[in-house]
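Examining the three-dimensional arrangement
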Amino acid sequence: AFSAPTSTKNFYTDKWGTMVSGYAPIKDSDGNTLAVVAVDVDSMTFATINNSTFSFLPYFLGAFLLFVLIRLSAFNTSLFKELWKILQMKRALMIVGLCAVFSFLITYVLYIHTLNVMKEQLGHKLMAIADTVATDFDTKDLNSLHWAKDMHTDAYQRVFKKLNEIREKNQDIKWAYIQRLTEKDGVFE
């Protein structure tokens, strides 16, 4: 993230929740990375998107089965009786069962693939948001912020306002924040 825009590939869990994140470097006029802007989306947002994508399926299957039952019982009772006799044969039941299992497996594989594509697209969206807003931060403001007492400065208020604007313009984003390296390896502020 300190060299180029990136995003997490899967959800991760930390003390703030289960998230997927996008990151982009904030560079000064010389091209040196000063910090990273990060945006997080909560896993519940992804679950909501996922549920809305696949919510029609039970209704479709229910309507389809209702249509088939009405068609078989109302219009041709002899056809219904013949189908019932065929379904009572072991071989026909095995074929129908195998087809159902095969259909379930194909549907499940497509479902998993769709989830992975949705995660990837969400990661790209977050990466694009972070990359777009990274240039909006004034590096002078960031360089002047290091301690809790800096929260009372105008520079902090400008950075704070910009982070809140990111969240307001992108309703799915739960957290927007800035990280930078410290002199200790693996420690960020």
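See the structure shown above.
Digging into the side chain of S21
Examined against the element boundaries, S21 turns out to sit in strand β3 (residues 17-27). The exposure class assigned to S21 is buried, which follows from its relative accessible area of 0%. Of note is the side chain of S21, whose polar atom sits 2.5 Å from the side chain of Y12. If near-sequence neighbours (up to four positions away) are discounted, S21 is found in contact with T6, S7, T8, Y12, V39, D40, L126 and Y177.

Quick notes on the pairing of strand β4 (residues 33-42)
Among the 10 residues that make up β4, 8 are buried, leaving the element largely enclosed by the rest of the structure. Pairing analysis gives 9 bridges linking β3 to β4, with the strands arranged antiparallel. Directly across from A24, in β4, lies its bridge partner V37. Linking two consecutive strands that pair antiparallel, namely β3 and β4, is a turn of 5 residues; a positive phi of about 90° is found at G31 within it. Inspection of the sheet shows β4 paired to strand β5 (residues 173-179) by 6 bridges, in the antiparallel sense.

Focus: the packing of aromatic side chains
When we look at a pair of aromatic rings, we describe it by the centre distance and by the angle of the planes. Counting across every chain of the model gives 4 aromatic pairs. Centre to centre, the rings of F104 and Y108 are 6.3 Å apart; their planes meet at 15°, and the pair counts as stacked. Pair noted here: F104 and Y108 are both in helix α4 (residues 90-134), with a separation of 4 residues, about one helical turn. Residue classification places Y108 among the partly exposed positions, given a relative accessible area of 45%. Each ring, one from Y156 and one from F160, has its centre 5.9 Å from the other, and the planes form 15°; the classification is stacked.

Reading the values: the criteria
- Residues numbered from 1 in each chain as written.
- Predicted model: local features only at pLDDT ≥ 70, side-chain atom pairs only at ≥ 80, totals over all residues.
- Heavy atoms only, no water.
- Helix = DSSP H or I, 4+ residues; strand = E, 2+ residues; numbered from the N terminus.
- Buried < 20%, exposed > 50% of the residue type's maximum accessible area, 1.4 Å probe, protein only.
- Polar contact = N/O pair within 3.5 Å; in protein donor to acceptor, adjacent residues only side chain to side chain.
- Contact = heavy atoms within 4.5 Å.
- Pairing = 2+ DSSP bridges.
- Phe/Tyr/Trp six-rings, centres within 6.5 Å; stacked < 30°, edge-to-face > 60°.

In short, shape yes, function no, at least from these values alone.
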